Amino acid sequence: MSNELLKQAIIKASQEIGIDKIGFTTADNFEHLRPSLVAQKAAGHTTGFEHQNLDERLNPNQIFDQPQSIIAIALAYPTRIKQRPPRTENIRGQFARASWGIDYHRILDDKMAQLITAIKQLATKNNDIKFKPMVDTGELIDVAVAQRAGLGFIGRNGLLITEEFGSFVYLGEIITNIEFTPDEPIANQCGTCTRCIDACPPSALLGDGRLNGQRCLSYQTQTKNLMPKEFRPMIRNVIYGCDICQIVCPFNKGKNFHFHPEMEPDPEAVMPELVPMLTMSNKEFKVKFGPMSGSWRGKKPLQRNAIIALVNSKATNTIPQLLEVIDHDPRPVIRATAAWAVVELSDLRNEALLNFLTSARTKENSVAEVDPEILDEYDQAIAKLRALPELPNTTN
(Lines give C-alpha, C1' and ligand atoms only; values in the text may rest on other atoms or scores of the structure.)
Protein backbone atom coordinates (compact mmCIF):
# COMPACT_ATOMS: atom_id res chain seq x y z
CA MET A 1 0.00 0.00 0.00
CA SER A 2 1.40 3.40 -0.97
CA ASN A 3 1.71 6.03 1.70
CA GLU A 4 -1.05 8.09 0.09
CA LEU A 5 -3.44 5.12 0.12
CA LEU A 6 -2.35 4.41 3.70
CA LYS A 7 -3.16 7.99 4.63
CA GLN A 8 -6.67 7.70 3.21
CA ALA A 9 -7.16 4.37 4.98
CA ILE A 10 -6.02 5.95 8.26
CA ILE A 11 -8.51 8.80 7.82
CA LYS A 12 -11.31 6.26 7.31
CA ALA A 13 -10.16 4.23 10.33
CA SER A 14 -10.06 7.37 12.47
CA GLN A 15 -13.70 8.05 11.67
CA GLU A 16 -14.65 4.51 12.67
CA ILE A 17 -12.74 4.91 15.93
CA GLY A 18 -14.63 8.12 16.73
CA ILE A 19 -11.95 10.69 16.06
CA ASP A 20 -13.74 13.84 14.94
CA LYS A 21 -10.94 15.47 12.97
CA ILE A 22 -7.53 14.30 11.75
CA GLY A 23 -4.68 15.97 9.89
CA PHE A 24 -1.11 15.26 8.85
CA THR A 25 1.99 17.40 8.87
CA THR A 26 5.72 17.00 8.53
CA ALA A 27 8.03 16.40 11.46
CA ASP A 28 9.92 19.60 10.64
CA ASN A 29 10.87 21.77 13.58
CA PHE A 30 8.85 24.64 15.03
CA GLU A 31 11.88 26.88 15.51
CA HIS A 32 10.01 29.91 14.19
CA LEU A 33 8.22 29.96 17.57
CA ARG A 34 11.41 30.19 19.63
CA PRO A 35 11.76 34.02 19.76
CA SER A 36 8.16 34.38 20.95
CA LEU A 37 8.48 31.66 23.59
CA VAL A 38 11.77 33.07 24.88
CA ALA A 39 10.23 36.54 25.08
CA GLN A 40 7.19 35.21 26.96
CA LYS A 41 9.37 33.50 29.54
CA ALA A 42 11.55 36.59 29.95
CA ALA A 43 8.42 38.67 30.50
CA GLY A 44 7.18 36.30 33.21
CA HIS A 45 4.17 35.20 31.19
CA THR A 46 4.71 31.45 31.51
CA THR A 47 2.95 29.33 34.15
CA GLY A 48 5.46 26.58 34.89
CA PHE A 49 2.99 23.97 33.62
CA GLU A 50 4.73 24.00 30.23
CA HIS A 51 7.36 21.42 29.26
CA GLN A 52 10.57 23.07 30.40
CA ASN A 53 13.01 21.92 27.69
CA LEU A 54 12.47 24.41 24.86
CA ASP A 55 14.57 22.42 22.37
CA GLU A 56 12.29 19.42 22.86
CA ARG A 57 9.17 21.56 22.54
CA LEU A 58 10.31 22.83 19.16
CA ASN A 59 12.17 19.89 17.61
CA PRO A 60 10.46 16.52 17.12
CA ASN A 61 13.84 14.95 16.33
CA GLN A 62 14.90 15.68 19.90
CA ILE A 63 12.25 13.32 21.27
CA PHE A 64 11.88 10.76 18.46
CA ASP A 65 14.38 8.85 16.35
CA GLN A 66 14.17 9.98 12.70
CA PRO A 67 10.60 11.36 12.71
CA GLN A 68 8.91 11.81 9.35
CA SER A 69 5.37 12.96 10.11
CA ILE A 70 3.00 14.05 12.88
CA ILE A 71 -0.63 12.97 12.92
CA ALA A 72 -2.87 15.47 14.72
CA ILE A 73 -6.33 14.61 16.02
CA ALA A 74 -9.22 16.55 17.57
CA LEU A 75 -12.20 15.40 19.61
CA ALA A 76 -15.21 17.69 20.01
CA TYR A 77 -16.62 18.09 23.52
CA PRO A 78 -20.07 19.28 24.67
CA THR A 79 -20.74 22.85 25.73
CA ARG A 80 -24.16 22.50 27.33
CA ILE A 81 -25.45 20.29 30.12
CA LYS A 82 -28.49 18.29 29.06
CA GLN A 83 -29.98 18.37 32.57
CA ARG A 84 -28.85 20.85 35.20
CA PRO A 85 -28.64 19.74 38.84
CA PRO A 86 -31.64 20.49 41.09
CA ARG A 87 -31.79 23.82 42.87
CA THR A 88 -31.02 23.46 46.58
CA GLU A 89 -30.40 25.79 49.51
CA ASN A 90 -26.65 25.57 48.82
CA ILE A 91 -24.78 27.83 46.38
CA ARG A 92 -23.21 25.91 43.50
CA GLY A 93 -19.90 26.43 41.74
CA GLN A 94 -18.93 25.26 38.29
CA PHE A 95 -16.10 23.66 36.35
CA ALA A 96 -15.07 24.94 32.92
CA ARG A 97 -16.25 22.78 30.03
CA ALA A 98 -12.84 21.25 29.32
CA SER A 99 -13.14 19.42 32.66
CA TRP A 100 -16.55 17.89 31.98
CA GLY A 101 -16.76 14.13 31.79
CA ILE A 102 -13.82 11.76 32.16
CA ASP A 103 -10.34 13.30 32.08
CA TYR A 104 -9.68 14.14 28.42
CA HIS A 105 -6.11 12.83 28.68
CA ARG A 106 -7.51 9.34 29.21
CA ILE A 107 -9.98 9.72 26.34
CA LEU A 108 -7.35 10.98 23.90
CA ASP A 109 -4.83 8.35 24.99
CA ASP A 110 -7.41 5.65 24.28
CA LYS A 111 -8.33 7.07 20.85
CA MET A 112 -4.68 7.41 19.84
CA ALA A 113 -3.89 3.88 21.03
CA GLN A 114 -6.76 2.59 18.88
CA LEU A 115 -5.51 4.62 15.93
CA ILE A 116 -1.95 3.29 16.29
CA THR A 117 -3.30 -0.28 16.39
CA ALA A 118 -5.31 0.41 13.22
CA ILE A 119 -2.27 1.87 11.45
CA LYS A 120 -0.17 -1.18 12.34
CA GLN A 121 -2.88 -3.43 10.91
CA LEU A 122 -3.07 -1.35 7.74
CA ALA A 123 0.70 -1.13 7.24
CA THR A 124 1.30 -4.86 7.54
CA LYS A 125 4.36 -4.87 5.27
CA ASN A 126 6.20 -2.30 7.36
CA ASN A 127 7.60 -3.87 10.50
CA ASP A 128 9.74 -0.90 11.45
CA ILE A 129 7.04 1.71 12.05
CA LYS A 130 7.19 3.59 15.33
CA PHE A 131 4.88 5.99 17.14
CA LYS A 132 4.96 8.49 20.01
CA PRO A 133 1.52 9.72 21.07
CA MET A 134 1.09 12.71 23.38
CA VAL A 135 -1.51 15.10 24.75
CA ASP A 136 -0.85 18.49 26.38
CA THR A 137 1.41 16.89 28.98
CA GLY A 138 3.87 15.97 26.18
CA GLU A 139 6.70 17.97 24.74
CA LEU A 140 5.21 19.49 21.59
CA ILE A 141 2.86 22.48 21.44
CA ASP A 142 -0.55 21.00 20.60
CA VAL A 143 -2.06 24.05 18.90
CA ALA A 144 1.04 24.59 16.75
CA VAL A 145 0.98 20.97 15.55
CA ALA A 146 -2.77 21.01 14.93
CA GLN A 147 -2.62 24.30 13.02
CA ARG A 148 0.18 23.08 10.76
CA ALA A 149 -1.73 19.83 10.18
CA GLY A 150 -4.73 21.77 8.89
CA LEU A 151 -7.16 21.05 11.74
CA GLY A 152 -7.88 24.73 12.26
CA PHE A 153 -6.31 28.10 12.93
CA ILE A 154 -4.92 29.63 16.11
CA GLY A 155 -7.21 32.42 17.27
CA ARG A 156 -6.37 35.60 19.14
CA ASN A 157 -7.12 33.70 22.34
CA GLY A 158 -4.36 31.20 21.57
CA LEU A 159 -6.79 28.32 21.08
CA LEU A 160 -7.17 26.17 18.00
CA ILE A 161 -10.42 27.02 16.23
CA THR A 162 -11.85 24.40 13.89
CA GLU A 163 -14.45 25.09 11.21
CA GLU A 164 -16.83 22.40 12.44
CA PHE A 165 -16.49 22.51 16.22
CA GLY A 166 -15.05 25.91 17.01
CA SER A 167 -12.46 25.79 19.79
CA PHE A 168 -14.35 23.23 21.86
CA VAL A 169 -11.95 20.42 20.97
CA TYR A 170 -9.35 18.31 22.73
CA LEU A 171 -6.09 17.92 20.83
CA GLY A 172 -3.56 15.12 20.58
CA GLU A 173 -0.73 14.18 18.23
CA ILE A 174 1.31 11.15 17.19
CA ILE A 175 4.86 11.39 15.91
CA THR A 176 5.75 8.59 13.50
CA ASN A 177 8.52 7.50 11.14
CA ILE A 178 5.99 7.03 8.32
CA GLU A 179 6.14 9.78 5.71
CA PHE A 180 2.78 11.24 4.73
CA THR A 181 1.80 14.03 2.37
CA PRO A 182 1.22 16.99 4.68
CA ASP A 183 -2.09 18.81 4.80
CA GLU A 184 -2.30 22.55 4.29
CA PRO A 185 -2.00 24.80 7.37
CA ILE A 186 -4.86 27.22 8.00
CA ALA A 187 -4.14 30.91 8.49
CA ASN A 188 -5.71 33.03 11.22
CA GLN A 189 -9.29 34.07 10.38
CA CYS A 190 -10.05 36.41 13.27
CA GLY A 191 -9.77 39.49 11.08
CA THR A 192 -10.43 42.62 13.11
CA CYS A 193 -12.47 40.82 15.79
CA THR A 194 -11.21 41.39 19.34
CA ARG A 195 -14.14 40.03 21.35
CA CYS A 196 -12.03 37.56 23.33
CA ILE A 197 -9.46 40.24 24.17
CA ASP A 198 -12.14 42.71 25.24
CA ALA A 199 -14.01 40.12 27.34
CA CYS A 200 -11.02 38.73 29.27
CA PRO A 201 -11.46 40.14 32.82
CA PRO A 202 -7.74 40.24 33.75
CA SER A 203 -6.61 41.32 30.24
CA ALA A 204 -4.47 38.22 29.90
CA LEU A 205 -4.68 38.01 26.10
CA LEU A 206 -1.93 39.88 24.28
CA GLY A 207 -3.81 40.16 20.97
CA ASP A 208 -1.66 37.97 18.74
CA GLY A 209 -2.54 34.48 19.98
CA ARG A 210 -0.24 34.72 22.98
CA LEU A 211 -1.27 35.31 26.56
CA ASN A 212 0.19 36.27 29.87
CA GLY A 213 -0.34 32.89 31.49
CA GLN A 214 0.19 34.30 34.98
CA ARG A 215 -2.91 36.48 34.55
CA CYS A 216 -5.11 33.83 32.94
CA LEU A 217 -8.03 32.97 35.22
CA SER A 218 -7.75 29.31 34.28
CA TYR A 219 -4.18 29.31 35.62
CA GLN A 220 -5.19 31.23 38.73
CA THR A 221 -7.79 28.59 39.61
CA GLN A 222 -5.07 25.94 39.46
CA THR A 223 -2.48 27.54 41.75
CA LYS A 224 -2.05 26.18 45.28
CA ASN A 225 -1.11 29.28 47.25
CA LEU A 226 -3.24 32.30 48.10
CA MET A 227 -4.96 33.70 45.04
CA PRO A 228 -4.07 37.39 44.55
CA LYS A 229 -7.03 39.55 45.56
CA GLU A 230 -7.18 41.12 42.12
CA PHE A 231 -8.39 37.87 40.57
CA ARG A 232 -10.81 36.70 43.26
CA PRO A 233 -13.93 38.55 42.08
CA MET A 234 -13.09 37.73 38.47
CA ILE A 235 -13.54 33.97 38.85
CA ARG A 236 -17.16 34.48 39.98
CA ASN A 237 -18.41 30.99 40.89
CA VAL A 238 -16.01 29.05 38.64
CA ILE A 239 -13.80 26.80 40.75
CA TYR A 240 -11.74 25.36 37.89
CA GLY A 241 -10.74 26.80 34.53
CA CYS A 242 -12.29 29.61 32.49
CA ASP A 243 -14.46 29.63 29.36
CA ILE A 244 -14.93 33.37 28.81
CA CYS A 245 -12.70 33.74 25.73
CA GLN A 246 -14.43 30.73 24.18
CA ILE A 247 -17.99 31.76 25.02
CA VAL A 248 -17.65 35.17 23.35
CA CYS A 249 -15.93 33.85 20.19
CA PRO A 250 -18.15 34.14 17.09
CA PHE A 251 -16.70 30.90 15.71
CA ASN A 252 -18.17 29.08 18.73
CA LYS A 253 -21.73 30.34 18.33
CA GLY A 254 -24.15 27.42 18.44
CA LYS A 255 -21.41 24.81 18.82
CA ASN A 256 -22.54 21.95 21.05
CA PHE A 257 -21.67 18.36 20.23
CA HIS A 258 -22.40 15.20 22.18
CA PHE A 259 -20.45 12.62 20.21
CA HIS A 260 -18.68 10.88 23.10
CA PRO A 261 -20.64 9.49 26.08
CA GLU A 262 -17.53 9.57 28.26
CA MET A 263 -17.44 13.37 27.88
CA GLU A 264 -20.96 13.88 29.20
CA PRO A 265 -20.87 15.88 32.43
CA ASP A 266 -22.19 14.64 35.74
CA PRO A 267 -24.25 17.69 36.77
CA GLU A 268 -23.52 17.20 40.49
CA ALA A 269 -19.79 17.03 39.80
CA VAL A 270 -19.41 19.91 37.33
CA MET A 271 -21.81 22.18 39.24
CA PRO A 272 -21.11 21.10 42.83
CA GLU A 273 -22.59 22.53 46.00
CA LEU A 274 -19.85 24.67 47.53
CA VAL A 275 -20.41 24.31 51.28
CA PRO A 276 -19.99 20.50 51.34
CA MET A 277 -16.70 20.95 49.49
CA LEU A 278 -15.19 22.86 52.41
CA THR A 279 -14.93 19.79 54.63
CA MET A 280 -14.87 16.88 52.17
CA SER A 281 -12.34 14.13 52.85
CA ASN A 282 -9.68 12.97 50.40
CA LYS A 283 -11.75 9.86 49.71
CA GLU A 284 -14.89 11.87 49.03
CA PHE A 285 -12.90 14.17 46.74
CA LYS A 286 -11.50 11.27 44.72
CA VAL A 287 -14.90 9.64 44.34
CA LYS A 288 -16.65 12.82 43.18
CA PHE A 289 -13.96 14.67 41.26
CA GLY A 290 -11.18 12.12 40.69
CA PRO A 291 -12.27 11.05 37.17
CA MET A 292 -12.25 14.69 35.96
CA SER A 293 -9.24 16.53 34.54
CA GLY A 294 -10.02 19.38 36.94
CA SER A 295 -8.92 17.24 39.87
CA TRP A 296 -5.27 17.02 38.80
CA ARG A 297 -4.06 19.65 41.27
CA GLY A 298 -5.83 18.02 44.19
CA LYS A 299 -8.61 19.31 46.42
CA LYS A 300 -6.80 22.28 47.99
CA PRO A 301 -7.10 24.71 45.03
CA LEU A 302 -10.73 23.74 44.47
CA GLN A 303 -11.60 24.24 48.13
CA ARG A 304 -9.84 27.60 48.15
CA ASN A 305 -11.77 28.57 45.02
CA ALA A 306 -15.03 27.37 46.60
CA ILE A 307 -14.47 29.79 49.48
CA ILE A 308 -13.86 32.63 47.02
CA ALA A 309 -16.97 31.66 45.04
CA LEU A 310 -19.07 31.86 48.21
CA VAL A 311 -17.91 35.45 48.66
CA ASN A 312 -18.63 36.27 45.02
CA SER A 313 -22.11 34.76 45.51
CA LYS A 314 -22.63 36.93 48.62
CA ALA A 315 -23.41 33.81 50.66
CA THR A 316 -23.53 35.51 54.07
CA ASN A 317 -25.34 32.51 55.54
CA THR A 318 -22.13 30.45 55.16
CA ILE A 319 -20.11 32.50 57.69
CA PRO A 320 -20.55 29.85 60.43
CA GLN A 321 -19.11 27.16 58.14
CA LEU A 322 -16.21 29.43 57.20
CA LEU A 323 -15.45 30.05 60.87
CA GLU A 324 -15.31 26.28 61.34
CA VAL A 325 -12.80 26.10 58.49
CA ILE A 326 -10.60 28.72 60.20
CA ASP A 327 -10.83 26.82 63.47
CA HIS A 328 -10.25 23.28 62.23
CA ASP A 329 -8.72 23.08 58.74
CA PRO A 330 -5.03 22.07 58.92
CA ARG A 331 -3.92 24.10 55.86
CA PRO A 332 -2.82 27.74 56.26
CA VAL A 333 -3.91 28.80 52.75
CA ILE A 334 -7.43 27.52 53.31
CA ARG A 335 -7.67 29.07 56.78
CA ALA A 336 -6.38 32.44 55.58
CA THR A 337 -8.73 32.47 52.57
CA ALA A 338 -11.63 31.72 54.91
CA ALA A 339 -10.53 34.58 57.20
CA TRP A 340 -10.65 36.94 54.22
CA ALA A 341 -14.03 35.52 53.24
CA VAL A 342 -15.81 36.05 56.57
CA VAL A 343 -14.78 39.71 56.59
CA GLU A 344 -15.84 40.18 52.97
CA LEU A 345 -19.24 38.78 53.89
CA SER A 346 -19.57 41.01 56.97
CA ASP A 347 -21.29 44.41 56.90
CA LEU A 348 -20.62 45.42 60.51
CA ARG A 349 -17.75 45.21 62.95
CA ASN A 350 -18.26 42.36 65.35
CA GLU A 351 -16.00 42.29 68.40
CA ALA A 352 -16.43 38.55 68.84
CA LEU A 353 -15.37 37.99 65.24
CA LEU A 354 -12.49 40.44 65.63
CA ASN A 355 -11.23 38.57 68.69
CA PHE A 356 -11.65 35.24 66.88
CA LEU A 357 -9.59 36.35 63.87
CA THR A 358 -6.95 37.97 66.08
CA SER A 359 -6.60 34.71 67.99
CA ALA A 360 -6.42 32.74 64.72
CA ARG A 361 -3.73 35.08 63.45
CA THR A 362 -1.75 34.53 66.68
CA LYS A 363 -1.94 30.78 66.14
CA GLU A 364 -0.64 31.18 62.59
CA ASN A 365 2.27 33.25 63.86
CA SER A 366 3.25 30.44 66.24
CA VAL A 367 3.75 28.00 63.36
CA ALA A 368 7.38 27.41 62.42
CA GLU A 369 8.41 29.01 59.11
CA VAL A 370 5.04 30.72 58.74
CA ASP A 371 4.50 32.32 55.33
CA PRO A 372 4.45 36.15 55.64
CA GLU A 373 1.71 36.26 52.99
CA ILE A 374 -0.55 34.21 55.28
CA LEU A 375 -0.04 36.65 58.14
CA ASP A 376 -0.60 39.58 55.80
CA GLU A 377 -3.91 38.02 54.69
CA TYR A 378 -5.06 37.99 58.31
CA ASP A 379 -3.75 41.50 58.95
CA GLN A 380 -5.64 42.93 55.99
CA ALA A 381 -8.82 41.10 56.99
CA ILE A 382 -8.59 42.28 60.60
CA ALA A 383 -7.89 45.86 59.49
CA LYS A 384 -10.89 45.83 57.16
CA LEU A 385 -13.12 44.40 59.91
CA ARG A 386 -12.00 47.11 62.34
CA ALA A 387 -12.89 49.77 59.78
CA LEU A 388 -16.48 48.55 59.40
CA PRO A 389 -19.34 50.30 61.25
CA GLU A 390 -19.74 48.87 64.71
CA LEU A 391 -22.42 46.27 65.41
CA PRO A 392 -25.17 48.00 67.48
CA ASN A 393 -25.28 47.06 71.16
CA THR A 394 -28.50 45.13 71.67
CA THR A 395 -27.96 44.15 75.32
CA ASN A 396 -29.89 47.16 76.76
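For the structure itself, consult the block above.
A quick note: this is a predicted structure, and the numbers were derived from the prediction, not measured. (Residues numbered from 1 in each chain as written. Predicted model: local features only at pLDDT ≥ 70, side-chain atom pairs only at ≥ 80, totals over all residues. Heavy atoms only, no water.)

**Points about the overall build of the protein**
Point 1. Across its full length, the protein holds 16 helices and 8 strands.
Point 2. When its C-alpha atoms are laid out on the principal axes, the protein stretches across 95 × 45 × 45 Å.
Point 3. Each of the 396 residues in the protein was classed as buried or not, and the buried ones make up 50%.
Point 4. A separation of at least 24 residues holds for 78% of the contacts in the protein among residues at least 6 apart in sequence.
Point 5. When the accessible surface of the protein is summed, it comes to about 19100 Å², and 50% of that surface belongs to carbon and sulfur atoms.
Point 6. Each charge class in the protein was averaged separately, 44 positive and 47 negative side chains, and the resulting centres sit 3 Å apart. (Helix = DSSP H or I, 4+ residues; strand = E, 2+ residues; numbered from the N terminus. Buried < 20%, exposed > 50% of the residue type's maximum accessible area, 1.4 Å probe, protein only. Contact = heavy atoms within 4.5 Å. Areas by Shrake-Rupley, 256 points an atom, 1.4 Å probe, with all protein chains shown as cover. Lys, Arg positive; Asp, Glu negative; His and termini not counted. Charge placed at Lys NZ, Arg CZ, Asp CG, Glu CD.)

**Observations concerning the sheet that holds strand β4 (residues 131-134)**
The strands that make up a sheet are held in pairs by hydrogen bonds between backbone atoms, and each pair lies either parallel or antiparallel.
Point 1. An order of β1-β2-β7-β4 is seen for the 4 strands of this open sheet, with the pairing classed as antiparallel. Looking at which strands have only one partner, the edges of the open sheet turn out to be β1 (21-26) and β4. The average angle at which neighbouring strand axes cross in this sheet is 20 degrees, direction not considered.
Point 2. Of the pairings in the sheet, the one linking β4 to strand β7 (residues 169-176) comprises 4 bridges and is antiparallel in character. The residue bridging Met 134 from the neighbouring strand is Glu 173, located in β7. (Pairing = 2+ DSSP bridges. Axes fitted to C-alpha atoms, helices over the stretch in contact; angles between N-to-C directions.)

**Topic: the environment of Thr 337**
Point 1. Position of Thr 337 relative to the elements: it lies in helix α14 (residues 332-344).
Point 2. As a C-alpha pair, Thr 337 and Arg 304 span 33 residues in sequence and 6.7 Å in three-dimensional space.
Point 3. Each residue touching Thr 337, except ones within four places of it in the same chain, is listed here: Leu 226, Arg 304, Ile 307 and Ile 308.

**What about the packing of aromatic side chains?**
Point 1. Counting across every chain of the model gives 13 aromatic pairs.
Point 2. Each ring, one from Tyr 77 and one from Tyr 170, has its centre 4.4 Å from the other, and the planes form 25 degrees; the classification is stacked. Taken as a pair, Tyr 77 in the loop between β2 (69-76) and β3 (94-95) and Tyr 170 in strand β7 lie far apart in primary sequence, 93 residues in all.
Point 3. Here a set of aromatic residues connected by ring pairs shows up, and it is made of Tyr 77, Tyr 104, Phe 168 and Tyr 170.
Point 4. Here the guanidinium or amino end of Lys 130 rests over the ring plane of Phe 64, the centre of that ring lying 5.7 Å away.
Point 5. Its end group placed over the ring of Trp 340, Arg 232 keeps NZ or CZ at 4.7 Å from the ring centre. (Phe/Tyr/Trp six-rings, centres within 6.5 Å; stacked < 30°, edge-to-face > 60°. Lys NZ or Arg CZ within 6 Å of the ring centre and 35° of its normal.)

**Overview of the state of the cysteines**
Point 1. Within the structure shown, the criterion is met by 0 disulfides.
Point 2. Looking at Cys 200, it has no disulfide partner, and the nearest cysteine sulfur is the one in Cys 216, 6.8 Å off.
Point 3. Taking the relative accessible area as the measure of exposure, Cys 200 reaches 14% and is therefore buried.
Point 4. Between Cys 216, a cysteine without a disulfide, and Cys 242, which holds the nearest cysteine sulfur, the sulfur-to-sulfur distance is 6.4 Å. (Disulfide = S-S within 2.5 Å.)

**With respect to empty space enclosed by the protein**
Point 1. Here the structure, examined in full by the defined rule, presents 1 cavity of 30 Å³ or more.
Point 2. The calculated volume of the largest cavity comes to roughly 80 Å³.
Point 3. In terms of lining residues, the largest cavity is bounded by Gly 155, Arg 156, Asn 157, Ile 161, Cys 190, Cys 193, Arg 195, Cys 196, Cys 249, Pro 250 and Phe 251.
Point 4. Residue composition of the lining of the largest cavity, grouped by class: 7 nonpolar, 2 polar and 2 charged. (1 Å grid on protein atoms, 1.4 Å probe; cavity = no way out; pocket = protein on both sides within 12 Å on 5 of 7 lines; lining within 4 Å. Points joined across faces, edges and corners; volume = space filled by probe spheres on them. Nonpolar A, V, L, I, M, F, W, Y, C, P; charged D, E, K, R; others polar.)

**Remarks on the pattern of salt bridges**
Side-chain pairs of opposite charge can arise where the charged atoms are in close proximity.
Point 1. Going through the model one piece at a time under the given rule, you end up with 18 salt bridges.
Point 2. Ionic pairing is found between Asp 55 and Arg 34, a salt bridge with its closest N-O pair at 2.7 Å. Of the two residues, Asp 55 is situated in helix α3 (residues 54-58) and Arg 34 in helix α2 (residues 34-42); the sequence distance between them amounts to 21 residues.
Point 3. Exposure remark for Asp 55: the relative accessible area of 37% places this residue in the partly exposed category. (Salt bridge = Lys/Arg side-chain N within 4 Å of Asp/Glu carboxyl O.)

**Some words on unusual backbone geometry**
Point 1. Positive phi outside glycine occurs at Ser 203, with the angle close to 55 degrees.
Point 2. Considering the arrangement of structural elements, one finds Ser 203 in the loop between α6 (195-199) and α7 (217-220).
Point 3. Unlike most non-glycine residues, Lys 314 shows phi in positive territory, near 55 degrees.
Point 4. Positionally, Lys 314 belongs in the loop between α12 (299-312) and α13 (319-328).
Point 5. A relative accessible area of 65% means that Lys 314 is categorised as exposed.

**Brief notes about the side chain of Glu 377**
Point 1. Turning to its location among the elements, Glu 377 is positioned in helix α16 (residues 372-387).
Point 2. You can call Glu 377 buried: its relative accessible area is 5%.
Point 3. Looking at Glu 377, its side chain comes within polar contact range of the side chain of Lys 229, at 3.2 Å.
Point 4. Those residues in contact with Glu 377 that lie beyond four places of it in its chain are Leu 226, Lys 229, Arg 232, Ala 336 and Trp 340. (Polar contact = N/O pair within 3.5 Å; in protein donor to acceptor, adjacent residues only side chain to side chain.)

**What about the packing of helix α15 (residues 351-365) against α16?**
Point 1. Running from N to C, α15 and α16 point in directions that differ by 165 degrees, and their axes come no closer than 10 Å. When the axes of α15 and α16 are compared, the pair comes out roughly antiparallel. The two elements α15 and α16 cross, and the hand of that crossing is left-handed. Note on element contacts: α16 touches α15 through Ile 374, Leu 375, Tyr 378, Asp 379, Ile 382, Leu 385 and Arg 386, opposite Leu 353, Leu 354, Leu 357, Thr 358, Ala 360, Arg 361, Glu 364 and Asn 365.
Point 2. The residue inventory of the contact of α15 with α16, partitioned by class, reads 9 nonpolar, 2 polar and 4 charged. (Parallel < 35°, antiparallel > 145°, perpendicular 65-115°, else oblique. Left-handed = near helix turned anticlockwise from the far one by under 90°.)

**With respect to the environment of Lys 255**
Point 1. Within the element layout of this structure, Lys 255 appears in the loop between α8 (244-247) and α9 (267-270).
Point 2. The class of Lys 255 is buried, set by a relative accessible area of 17%.
Point 3. When neighbours within four sequence positions are excluded, Lys 255 is seen to be in contact with Thr 79, Glu 163, Glu 164, Phe 165, Gly 166 and Phe 168.

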